[in-house]
Number of protein chains: 2
Amino acid sequence: MRGIKLVAIFRVKKERIEEAREVFEALIEPTRKEKGCIEYELFQDMQDPASFVFIEEWATAEDLENHRKSGHLTSAREIMNSFTVEKISSTYKLIK
Amino acid sequence: MRGIKLVAIFRVKKERIEEAREVFEALIEPTRKEKGCIEYELFQDMQDPASFVFIEEWATAEDLENHRKSGHLTSAREIMNSFTVEKISSTYKLIK
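Residues numbered from 1 in each chain as written. Chains lettered and ligands numbered in written order. Predicted model: local features only at pLDDT ≥ 70, side-chain atom pairs only at ≥ 80, totals over all residues. Heavy atoms only, no water.

- As recorded by an unreviewed UniProt entry, chain A carries the name ABM domain-containing protein and is attributed to Peptoclostridium acidaminophilum DSM 3953.

1. Observations regarding the packing of aromatic side chains
Here a ring pair, both rings aromatic, is described through the centre-centre distance and the interplanar angle of the planes.
Residue and element names in this part refer to chain A.
Part 1 of the argument: Tallied over the entire structure, the rule returns twelve aromatic pairs over all chains.
Part 2 of the argument: Taking 5.0 Å as the distance between ring centres and 45° as the angle between the ring planes, the aromatic pair formed by phenylalanine 10 and phenylalanine 24 counts as tilted. In this pair, phenylalanine 10 is assigned in strand β1 (residues 4–12) and phenylalanine 24 in helix α1 (residues 17–32), connecting sequence segments 14 residues apart. Take phenylalanine 10 and phenylalanine 24: they sit in the same class, and that class is buried.
Part 3 of the argument: Judged by centre distance (5.1 Å) and plane angle (35°), the ring pair of tyrosine 40 and phenylalanine 54 falls under tilted. Of this pair, tyrosine 40 sits in strand β2 (residues 37–45) while phenylalanine 54 sits in strand β3 (residues 51–58); the two residues are 14 residues apart in sequence, bridging distant segments of the chain. In this pair, the class of tyrosine 40 matches that of phenylalanine 54, namely buried.
Part 4 of the argument: Aromatic rings pair up to connect Phe10, Phe24, Tyr40, Phe52, Phe54 and Phe83 into one cluster. (Phe/Tyr/Trp six-rings, centres within 6.5 Å; stacked < 30°, edge-to-face > 60°. Helix = DSSP H or I, 4+ residues; strand = E, 2+ residues; numbered from the N terminus. Buried < 20%, exposed > 50% of the residue type's maximum accessible area, 1.4 Å probe, protein only.)

2. Structural notes on the side chain of glutamate 39 of chain B
Residue and element names in this part refer to chain B.
Part 1 of the argument: Relative to the elements of secondary structure, glutamate 39 occurs in strand β2 (residues 37–45).
Part 2 of the argument: Polar side-chain contacts of glutamate 39 include one of 2.7 Å to the side chain of lysine 5.
Part 3 of the argument: When neighbours within four sequence positions are excluded, glutamate 39 is seen to be in contact with Lys5, Ile55, Glu56 and Glu57. (Polar contact = N/O pair within 3.5 Å; in protein donor to acceptor, adjacent residues only side chain to side chain. Contact = heavy atoms within 4.5 Å.)

3. Describing the sheet that holds strand β3 (residues 51–58) of chain B
Part 1 of the argument: Strand order around the closed barrel formed by eight strands is β1(A)-β3(A)-β2(A)-β4(B)-β1(B)-β3(B)-β2(B)-β4(A), with antiparallel pairing between neighbours. The average angle at which neighbouring strand axes cross in this sheet is 30°, direction not considered.
Part 2 of the argument: Direction of pairing for β2 of chain A relative to β3 of chain A: antiparallel, over a ladder of seven bridges. Pairing of tyrosine 40 of chain A across the sheet is with glutamate 56 of chain A, part of β3 of chain A.
Part 3 of the argument: The sheet contacts of helix α3 (residues 71–83) of chain B involve β1 (4–12) and β4 (84–94) of chain B, and relative to β4 of chain B the element is tilted by about 120°. (Pairing = 2+ DSSP bridges. Axes fitted to C-alpha atoms, helices over the stretch in contact; angles between N-to-C directions.)

Right, here's the structure in full:
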């Protein structure tokens, strides 16, 4: 059975693209070690380098909730808020 | 080497959710047979059933371009435009 898909698009301040990329990248290793983390990948928009997307899949809602409370994400949140202009994020269930 | 990721979020008219779902689902089988189609999955938003996302991966830009011109997508475009309220779509390159 497939898990919970999460798509999170971040548009960041143009002058802080590199910094944002580093902060996002730093989340990847610790997150992939978390319980129930099926997929956690970071992409950069090919037309707009200030736009990034995390595509994630979590085994259960509880695993995703634990991720949201994890130390590495919590400690990165403040700086992420400081450079993020727009965030479009939601969770999805597979249809096919 | 990873391909070109495409994330396309569709928010559809509330009264046409089922119709939209059927139209989107009908694209899946023919699309997965196309050259260079690495991934082509349809998901429904867990909070807002009127929101769907296609998460796709294409081996090359040419394969994606051919998909955009494919018969099944071209013929579905008019009806998709008729029930789509908002579309957020872009192509991405993997960072990590």
